[in-house]
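A closer look at the structure
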Amino acid sequence: MTDFICDKNFKSKDFTQIRLKRAEYENCTFEGCNFSNGFLDNQNFMECSFTDCNLSNANLTNTIFKEVDFKHCKMMGMKFEDCNDFLMDFSFLDCTLNYTSFYGLDLKNIQIIDCKLVATDFTDCNLSRSKFDNCDLDKAIFVNTNLSNANMSTSYHITMDPEQNKLKHAHFSLASLPGLLAKHKIKVIS
């Protein structure tokens, strides 16, 4: 039977050598913790918050994230598609998610604010009604991605092929136009 840990604060802990105890964590906070290249597999996080943590390249196999907030975290190279996607729900504020993959996930209504998403993979994702507010999407991969009703109007460095994605009612800024027309080699001059 898995342990149940509730309302606990983990501060400045290093989980790179000693793994976080396998358990169900509810309403817990993780502040300044290091999980880099560590193991978060088969964990269950419900209504938890990660702040100022390094989770880069952590193993997420079968991990559950339900109503989890990530704030000011370094999360490079993570593979969220390895998670258990049942009731998956998380948000990101001021996080570095470069080279991370969300391949094939249903992330309707996701909130991603002030994040760096360089070369992040959103292939086959459902990002309908999502909000990307002031995000750097340089070289982010959008193929067969549903961005219907998504708001990307304040994000930048967007490059995607509108013919390979669902963009009905999506919001982009005028500055994003060159990235949406890149495959046609059209130069937009403002």
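Residues numbered from 1 in each chain as written. Predicted model: local features only at pLDDT ≥ 70, side-chain atom pairs only at ≥ 80, totals over all residues. Heavy atoms only, no water.

For the protein, the count of helices and strands is one helix and 10 strands. Each helix and strand of the protein, ordered N terminal to C terminal, gives the series β-β-β-β-β-β-β-β-β-β-α. Scaling as 2.2 N^0.38, a compact globule of 190 residues should have a C-alpha radius of gyration of about 16 Å, and the protein matches this with 17 Å. Along the longest, intermediate and shortest principal axes, the C-alpha atoms of the protein span 55 × 25 × 20 Å. Residue pairs at least 24 apart in sequence account for 2% of intrachain contacts in the protein once pairs closer than 6 positions are excluded. Looking at the protein as shown, the accessible area adds up to about 9,800 Å², and 48% of this sits on carbon and sulfur atoms. (Helix = DSSP H or I, 4+ residues; strand = E, 2+ residues; numbered from the N terminus. Rg over C-alpha atoms; globule rule 2.2 N^0.38 Å. Contact = heavy atoms within 4.5 Å. Areas by Shrake-Rupley, 256 points an atom, 1.4 Å probe, with all protein chains shown as cover.)

In the structure shown here, the tally under the stated rule is seven salt bridges. Across the pair Lys11 and Glu31 runs a salt bridge, and its minimum N-O distance is 3.9 Å. Of the two residues, Lys11 is situated in strand β2 (residues 9-11) and Glu31 in strand β4 (residues 29-31); the sequence distance between them amounts to 20 residues. The class of Glu31 is partly exposed, set by a relative accessible area of 29%. One salt-bridge network, held together by shared partners, links Arg19, Arg22 and Asp41. (Salt bridge = Lys/Arg side-chain N within 4 Å of Asp/Glu carboxyl O. Buried < 20%, exposed > 50% of the residue type's maximum accessible area, 1.4 Å probe, protein only.)

Our next topic: the pairing of strand β3 (residues 23-26). The side-chain alternation of β3 yields one buried face, formed by Ala23 and Tyr25, and one unburied face, formed by Glu24 and Glu26. Pairing analysis gives four bridges linking strand β1 (residues 3-6) to β3, with the strands arranged parallel. Looking at the pairing, Asp3 lines up with Ala23 of β3. Alignment of β3 against strand β5 (residues 44-46), held across three bridges, turns out to be parallel. Across the sheet, residue Glu24 finds its bridge partner in β5, namely Asn44. (Pairing = 2+ DSSP bridges.)

Here we come to the environment of Asn84. By secondary structure assignment, the location of Asn84 is in the loop between β7 (64-71) and β8 (89-93). With a relative accessible area of 27%, Asn84 lands in the partly exposed category. When the C-alpha positions of Asn84 and Asp41 are compared, they lie 9.7 Å apart, and in sequence the two are 43 residues distant. Among residues more than four places away in sequence, those in contact with Asn84 are Asn62, Thr63 and Ile64. A distance of 2.9 Å separates a polar atom in the side chain of Asn84 from the backbone nitrogen of Phe86. (Polar contact = N/O pair within 3.5 Å; in protein donor to acceptor, adjacent residues only side chain to side chain.)

Among the nonpolar cores identified, the biggest contains 54 residues, and Phe30, Phe50, Phe70, Phe80, Phe90 and Phe92 are the most heavily contacted of them. Those elements that place two or more of their residues in this core are β3, β7 and β8. The greatest single-element share of this core, amounting to three residues, is contributed by β7. Setting aside residues up to four positions removed in sequence, Phe80 forms contacts with Leu60, Phe65, Met75, Met88, Phe90, Phe92, Leu97, Thr100, Ser101, Phe102 and Leu105. (Core = buried A, V, L, I, M, F, W, Y, C linked by side-chain atoms within 4.5 Å.)

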